[in-house]
Amino acid sequence: MRRLEREGFTVLHYPNILDSATARAGVNLLTNGDFENGFASWTNSGFSLVTSVTPPVNGAQGAQGQSSGTPDTAAVSTLESARVTVTSGGTVYAGLLFGAAEETGSGDSTPNNLIVKVRFWANAVGGSVLKEGTLYAAPVKGNNDKLRRKLRKFEVPGAANYASLYIENRHYGGPSGTPAGTVVDDAFLAREVIETAMNLIHALPHQVVQKTESFRNLAFSRNYRVGDKQSKFDLFGDPVWLWTWLTNSLLHQIKIVYDNGARFDGLVWRVEGTINGAPFAVSAEELANRVFTPYQNHVRPYIVEDADSIARYGEIEYWHGETFDTRWEARRAGKHHLFWHKDARPLDDFPEGRSGESRLTVTCVGPWATLKFLYGITGPGTMEVAQAVATHKSSILNQVRGRGNVFVSSDYTLVNSLNTVVGPAARKEVRNRTAQEELMRYLGEGTEAGLAIVSGVWNRQFVLKARPTTVDYFSEVMDGAVVYYDASGSELSPVDVLPGHFLRRARPVPEWSYFSDAGRDAKARFLEEVEVDAEKGTIATRALGGDTVDRRLARVKR
């Protein structure tokens, strides 16, 4: 009988997930991408070098597009880097800092429209563009404080050997007070460097005796619909180290390892506890760095964002629950909300302090939870569920990845066609709905054969398939403990029992009834969720109740 050993678990703590994405990109291939040496190696038309400007540049100087003084007339500025060598069929990362000053006039238009592309070429000079990949193409909302960073990954076409970064800004003149052209800085283009793992910060052991930097009371759960769902553990160590965890670890990656295998992969969501007698708590639930504030008679809400927070946590959007009368009221409310929620602030609810040892309770969530960070993402069109969710270039998950959620892998080999055709919701229906809610709408459709969908993010890879029709697990009670077997009769470690499968327990009276679909077998339990308690060395399985499997699973679950 395979028992769980507490000392067999290790908690791995990695840095901010966005840092890991940047780390996978190699040295910048672009010469003078920070424009500190003027426009050397860049082809320039209309951009000017700036040092003291709003918003401020990063370093000594950056570049700014020209502005038009005539209403409704465009002033077009372009910049393009020299071509650099890339690997045919490989991948590259491209990035840029950009921003514009806030509007001060009475107009309601956005004067700057920015387009940034990666151009792929067959030759070092001359020839036609083989393909263009878009890094950014949208109006630039004003922000006097910070430049915004954009980073994306691109596939290099098979015939391409060179690439360049192309920047174009169109500034439309407007009423008095219209700000100048877009400011750009720190242009970035690099080949991807494949790493087997991110740089390790901590490997935390289970606490057998009192020691620094260790954990106890580990538990984690996995769900048939979301994959890795939640984990929780108590953290012990020096108060200074615990304070660093409290103030810096939100949305860091946590991986739980047992017997050399990853059992949970997610992000730090909440940290709470007592340090030197004072209780504190901090939660990612309170974070927001891109705030949508609606106001009357306008289709688009007012948007304010913080570049530093986006660079640290990724895009975390918030849709303001109130609609304001004017654009300026919406702007004021949005900036106020952004100020208080762009950074994680530990909350001290009991300043008088309490006694007891210093310890923190860390709650983590699976990557699925990050889908609630993004709003207004709609399906690409009328198509099969797997395409709309993952495999189409404009699918929900590909749009999520394009907006900074690097937790969802672009490897969709575990996404199966379900033969269910669905249509997109209207844009007005999804504008204040999260990507998580939109994705659940698709999953609630089920398969064409009437089967429910098993999905989720497992080890950072998205899975989408019809629920099984066979029993995959069997169990019996031995020496007071439940023992699990796979379909071939081999004993399983409890951590290998996953949701999304049918389980049959041993019966006191043998029987040989056979069902072509396990969903019709009253003795087969569909595992909705499995929770592992590492401290007790046990697992708990939750199965669906008396309702039929397919009807119950086909509903959107909250």
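On a predicted model such as this, the values are computed, not experimentally measured, just so you know.

What counts and how
- Numbering of residues starts from 1 in each chain and follows the order in which that chain's sequence is written.
- With the structure being a predicted model, the display of local features is reserved for residues of pLDDT at least 70 and the display and counting of side-chain atom pairs for 80 or more, all residues being used for whole-chain, interface and lining totals.
- With hydrogens and water stripped out, all remaining heavy atoms of the structure feed into the side-chain values.
- Put simply, two rings from Phe, Tyr or Trp (the six-membered ring, in Trp's case) pair if the centres are within 6.5 Å, and we call them stacked under 30 degrees between planes, edge-to-face over 60, tilted for the rest.
- Comment: elements are numbered from the N terminus, with helices defined as DSSP H or I runs of at least four residues and strands as E runs of at least two.
- In this analysis the charged atom, NZ for Lys or CZ for Arg, is taken to sit over a ring once it is within 6 Å of the ring centre and within 35 degrees of the ring normal.
- Strands are treated as partners if at least two bridges between them are detected by DSSP.
- Axes, fitted as lines to C-alpha atoms, cover a helix only where it is in contact. Angles between the N-to-C directions of the axes lie from 0 to 180 degrees.
- Buried Ala, Val, Leu, Ile, Met, Phe, Trp, Tyr and Cys residues that are joined via side-chain atoms within 4.5 Å together make up what is termed a nonpolar core.
- In this scheme, a residue with accessible area under 20% of its type's maximum is buried, one over 50% is exposed, and one in between is partly exposed, where area comes from a 1.4 Å probe on protein chains only.
- Contacts are residue-level and defined by heavy atoms, with any inter-residue pair within 4.5 Å sufficient.

A. Structural detail: the packing of aromatic side chains. One pass over the structure, following the stated rule, counts 15 aromatic pairs. Ring centres of phenylalanine 9 and tyrosine 258 lie 4.3 Å apart, and the angle between their planes is 35°; this geometry places the pair in the tilted category. Note that phenylalanine 9 is positioned in strand S1 (residues 9-16) and tyrosine 258 in strand S16 (residues 252-258), a separation of 249 residues in sequence. When the centroid spacing of 6.3 Å and the interplanar angle of 15° are considered together, the rings of tryptophan 368 and phenylalanine 462 count as stacked. In this pair, tryptophan 368 is assigned in the loop between strand S22 (359-365) and strand S23 (383-384) and phenylalanine 462 in strand S26 (residues 461-466), connecting sequence segments 94 residues apart. By the ring-pair criterion, three or more aromatic residues cluster together here, those being Phe9, Phe220 and Tyr258. Here the guanidinium or amino end of arginine 345 rests over the ring plane of phenylalanine 339, the centre of that ring lying 5.4 Å away.

B. Geometry of the sheet that holds strand S10 (residues 148-155). Spatial strand order, S3-S4-S12-S7-S10: 5 strands in an open sheet with antiparallel pairing. The two strands at the open ends of the sheet, each matched to only one other strand, are strand S3 (48-50) and S10. Strand-to-strand, the axes of this sheet are offset by a mean angle of 35°, without reference to chain direction. Direction of pairing for S3 relative to strand S4 (residues 62-64): antiparallel, over a ladder of 3 bridges. Looking across to S4, one finds that serine 48 is bridged to glutamine 64.

C. Structural context of the nonpolar core. In this structure, Phe9 and Phe462 are the most contacted members of the largest nonpolar core, which totals 77 residues. Phenylalanine 9 has contacts with Leu4, His206, Phe215, Leu218, Phe220, Ile256, Val257, Tyr258, Val495, Val532 and Ala534, leaving out every residue within four places of it along the chain. Grouped together as the second largest cluster of nonpolar side chains are 30 residues, Phe47, Val92, Val140 and Ala163 included.

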